[in-house]
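Remarks on the overall topology
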Amino acid sequence: MAQRTYRSSGVTRRGFNTGLATTFGALTLGTGIAPAIGQGKTDLNVGIFGGDFGNLSPVIRYDIQGGIIAYQVFDGLVSINYGTREIVPMLAEAWTNPDPLTWRIKMREGVKWQKGYGEVTAEDLRYTWQFHLDSKSFQIGTALFPIDSIKTDGKYVVEVKTKQPFGAFPGVTMGYGGLVISAKAHTEMGNDAYSAVPIGSGPFQIESKRGSEIILAKNPDYWQPDKPKLDKVIYRAVPDSTTRLQALAKGEFDFITHPDAQQVGDVRKNSDLVVSSTPGWNWDYQMFNLVGRPDAPFQAKALRQAISYVIDREAIANEIYYGEATPTDNAIPAGYMGYRDHLLKYPKNGDIQKAQELIQAAGLTGYEVEVITSDKDWLRRELELVAAMVSQIGITYKIKNLDIGGYNNLWLNKNYDQALEDITLVAPDPDATVWWFLNSKGSSSAYNNPEMDALLDGARGELDAAKRETMYHQIVDLTLEECPMIYHVNPNLIRVYNKNLVGFEATPQEYVEKMDTVSWG
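Everything numeric in this text was worked out from a predicted model, so none of it was measured.

**Thoughts on unusual backbone geometry**
The step from Lys-227 to Pro-228 runs through a cis peptide bond, and the omega angle for that step is -10 degrees. The topology assignment puts Pro-228 in the loop between β11 (213-218) and β12 (232-237). At Arg-85, a position not held by glycine, the phi torsion is positive, near 65 degrees.

Next comes the structure, spelled out in structure tokens:
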């Protein structure tokens, strides 16, 4: 296919990315300064993206970098075997579903809260979920929606009644909604203080927290006696991906996330470093606020379809992720129930002629619109590239870059016109790929379609796997037709670390990077 050049504000696609290469300067990872060997070390220095870590409590919405910390400090009711996608017991030792509307959860005995707050019991789980329900937290729309009532049955058993049958209860409700807080600590400290320095039951506890740096120390009372291996993990948030990579090469960090994808090829040449690249349970996407702007030009379905047709998804995969991503046009990634293919309707290189025909047939014209994105530098570059693509059909994207807190404030309150962002899926069930984003009652949905609501709600309650899969096919097909969201790529999650680190288990979830199995070899 002939090479296209996208122009936006005088910047070509190729020129834009060539500029990125020069920012790396003279640092040569193949022959540069070798990272520290690590012999005898019992601590780990980690560089992640972003700024202030913000809230760390599971009962208040946390950002990705906050989630990375929370999953070190808290154990969930269950975890995921990412190889088999099976749900694995953690704080919940066992669970049963004696009838379609009842779940009984048996808590593991003898697990202790950090810093002397006693044993983890059924009351802590009841308190946690009841607090979510009473405070109408973010989890109501994502994981705890089926809960009708909760009660304890003795010291270690919780009985939950649900509003409807929900076969994905262990993976979604007990999974994403299963970080349990200490009822005693939360009551004594108060919600705000607990969110800053929470008490958990996980392998690490917070030693200190200051803005963009957090020090975690080994939990001496952790219930798994062979974990964690490290004494301390020091996290520092650094917004710029090149800066993180340079710090790793100099030995200032032992482990980083989200390196500049353009540099990963050079990183792989460095025998002192390991590159972990894992297909993520995620996608980059555009979203339209279809409920907040009834008079907006993008209310026209043909115009949204035209935008999807003009997107060169392969260019995004190559120019932003340098091949560490897969072009996609739909919400269900490979491995999930309901997956059929990455591209079901829209060509990987786009179709400008089709996009122009749609606009002309509908009697539409281009428009100018503000598009928001967060502080992930690669998404900001992606938005520049996408803005150049849509300019070919007369649409002007006025880019507004925000920090993650500012972005979430506008996005979750539906106070925006269009957005470009990424998302990590919270469970290995297709409900997690669509309901939250497309149901009119979903906490991040900016779309209201009774047909879609009926399909999404029906799929949640359907227990027959074959029927349920068919419903997810229908949901995806309706999304491809309506384009309330436009999907770009499924990016790989890339972590780079010192070769002498052993035991890191990569996950396909951006906010789960557990360090309890990591040690220096």
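Read on for the rest.
**Quick look at the pairing of strand β3 (residues 43-48)**
Where β3 lies against β12, 6 bridges are found, and the strand directions are parallel. In the sheet register, Val-46 faces β12, and the bridge partner there is Tyr-235. Note: β3 against strand β13 (residues 255-257), 2 bridges, orientation parallel. If you follow Val-46 over to β13, its bridge partner there is Phe-255.

**Remarks on the environment of Ala-193**
Counting through the fold element by element, Ala-193 comes out in helix α6 (residues 191-196). Residue Ala-193 is classed as partly exposed on the basis of its relative accessible area of 37%. Ala-193 sits 28 residues away from Pro-165 along the chain, and the two C-alpha atoms are 37 Å apart.

**Considering the packing of helix α15 (residues 450-461) against helix α16 (residues 465-482)**
The N-to-C vectors of α15 and α16 enclose an angle of 155 degrees; their axes lie 9 Å apart at closest approach. The pairing of α15 with α16 is recorded here as roughly antiparallel in orientation. Both α15 and α16 take part in a crossing whose hand is left-handed. Residue-level inspection shows Glu-451, Met-452, Leu-455, Leu-456, Gly-458, Ala-459 and Arg-460 of α15 in contact with α16, the latter providing Arg-468, Met-471, Tyr-472, Gln-474, Ile-475, Leu-478 and Thr-479. The residue makeup of the contact of α15 with α16, split by class, is 8 nonpolar, 3 polar and 3 charged.

**Quick notes on the pattern of salt bridges**
Applying the stated criterion across every chain yields a total of 27 salt bridges. One salt bridge in this structure joins Glu-93 and Lys-106, with 3.1 Å as the shortest N-O distance. Of this pair, Glu-93 sits in strand β6 (residues 92-99) while Lys-106 sits in strand β7 (residues 102-107), placing them 13 residues apart in sequence. Among the residues examined, Glu-93 registers a relative accessible area of 38% and is labelled partly exposed.

**Topic: helix α7 (residues 241-249)**
Within α7, 7 of the 9 residues are buried, leaving the element largely enclosed by the surrounding structure. Taken together, the buried positions of α7 are occupied by Ser-241, Thr-242, Arg-244, Leu-245, Ala-247, Leu-248 and Ala-249. The opening residue of α7, the one whose side-chain oxygen lies 3.2 Å from the backbone nitrogen of Thr-242, is Asp-240. Remark: Gly-251 follows α7 within two positions and exhibits a positive phi of approximately 85 degrees.

**Section: the nonpolar core**
By size, the foremost hydrophobic cluster in this structure holds 75 residues, and its most contacted members are Trp-283, Tyr-285, Ile-307, Ile-316, Tyr-397 and Leu-438. Looking at this core element by element, the count peaks at 8 residues for helix α12 (residues 377-390). If you look at the next biggest cluster of nonpolar residues, it comprises 70 residues, including Phe-53, Val-158, Val-172 and Val-426.

**Considering the side chain of Thr-257**
Its place among the elements puts Thr-257 in strand β13. Since its relative accessible area comes to 1%, Thr-257 is described here as buried. Excluding residues within four positions of it along the chain, Thr-257 makes contact with Gly-47, Ile-48, Phe-49, Arg-244, Ile-494, Arg-495 and Glu-513.

**Focus: the confidence of the model for the protein chain**
Interpretation of the predicted coordinates at a detailed level should be avoided for regions scoring low in pLDDT. Within the protein chain, residue pLDDT values average 90, and 93% of them lie at 70 or more. Contacts for the low-pLDDT stretch residues 7-36, under 50 throughout, to residues beyond four places or in other chains number 60 contacts.

**Some thoughts on α12**
Along its 14 residues, α12 runs 20 Å from first to last C-alpha, staying within 8% of the 20 Å computed at 1.5 Å per residue. Of all 14 residues that make up α12, 12 are buried, and the element is covered over most of its length. Every buried residue belonging to α12 is among Asp-377, Trp-378, Leu-379, Arg-381, Glu-382, Leu-383, Leu-385, Val-386, Ala-387, Ala-388, Met-389 and Val-390, and all of these are buried.

**Examining the pairing of β6**
Here β6 runs beside β7; their pairing, made up of 5 bridges, is antiparallel. Bridge pairing links Ala-94 to Lys-106 in β7.

**What about the packing of aromatic side chains?**
Under the criterion given, the structure shown has 26 aromatic pairs. On the basis of an interplanar angle of 25 degrees and a centroid distance of 6.4 Å, the ring pair of Tyr-127 and Phe-131 is categorised as stacked. Residue Tyr-127 and its partner Phe-131 are both found in helix α3 (residues 122-135); the two are separated by 4 residues, about one turn of the helix. For the pair Trp-283 and Tyr-487, a centre-to-centre distance of 5.0 Å together with 75 degrees between the ring planes defines the contact as edge-to-face. In this pair, Trp-283 is assigned in strand β15 (residues 282-288) and Tyr-487 in strand β20 (residues 485-498), connecting sequence segments 204 residues apart. Given the relative accessible area of 0%, Trp-283 is considered buried. On the basis of relative accessibility, which here comes to 2%, the residue Tyr-487 falls in the buried class. In textbook terms, an aromatic cluster arises when at least three aromatic residues are bridged by ring pairs, as seen for Trp-283, Tyr-285, Tyr-407, Trp-411, Trp-436, Phe-437 and Tyr-487. Above the ring of Phe-145, the side-chain terminus of Arg-460 is found at 3.0 Å from the ring centroid. Arg-460 extends its terminal NZ or CZ atom over the ring of Phe-166, reaching a point 6.0 Å from the ring centre.

Conventions we followed
Here, residues in each chain are numbered from 1, in the same order as that chain's written sequence. Local features in this predicted model are restricted to residues whose pLDDT is 70 or higher, and side-chain atom pairs enter the listing and the counts only when it is 80 or higher, whereas totals over whole chains, interfaces and linings include all residues. Note that the side-chain values use all heavy atoms of the structure and ignore hydrogens as well as water. For helices the rule is a DSSP run of H or I covering at least 4 residues; for strands it is a run of E covering at least 2, with both sets numbered from the N terminus onward. Between any two strands, pairing holds if DSSP finds at least two bridges. To sort residues, take the accessible area from a 1.4 Å probe on protein chains only and compare it with the maximum for the residue type: under 20% means buried, over 50% means exposed, and anything in between is partly exposed. All axes are obtained by fitting lines to C-alpha atoms, using only the stretch in contact for helices, and the reported angles, taken between N-to-C directions, cover 0 to 180 degrees. Under this scheme an angle from 65 to 115 degrees is roughly perpendicular, one under 35 degrees roughly parallel, and one over 145 degrees roughly antiparallel; angles in between are oblique. Note: crossing handedness is left-handed where the near helix turns anticlockwise from the far helix by less than a right angle, and right-handed where it turns clockwise. Working rule for contacts: check all heavy atoms of both residues, and any pair within 4.5 Å makes them a contact. As a working rule, the residues Ala, Val, Leu, Ile, Met, Phe, Trp, Tyr, Cys and Pro are called nonpolar, Asp, Glu, Lys and Arg charged, and the rest polar, with Gly in that last group. We count a salt bridge whenever a side-chain nitrogen from Lys or Arg sits within 4 Å of a carboxyl oxygen from Asp or Glu. Each polar contact in these results corresponds to two N or O atoms within 3.5 Å; when the atoms are within protein, one needs to be able to donate a hydrogen and the other to accept it, and residues that are neighboring in sequence are counted only if both atoms are side-chain atoms. Each nonpolar core is a collection of buried residues, namely Ala, Val, Leu, Ile, Met, Phe, Trp, Tyr and Cys, held together in the definition by side-chain atoms within 4.5 Å. pLDDT measures how confident the predictor is about each residue, on a scale from 0 to 100. To estimate how far a helix should extend, the number of its residues minus one is multiplied by 1.5 Å. Ring pairs shown here join Phe, Tyr and Trp side chains whose ring centres sit within 6.5 Å, with only the six-membered ring taken for Trp; geometry is labelled stacked below 30 degrees between planes, edge-to-face above 60, and tilted in between. We call a charge positioned above a ring when the Lys NZ or Arg CZ atom is no farther than 6 Å from the ring centre and deviates by at most 35 degrees from the ring normal.

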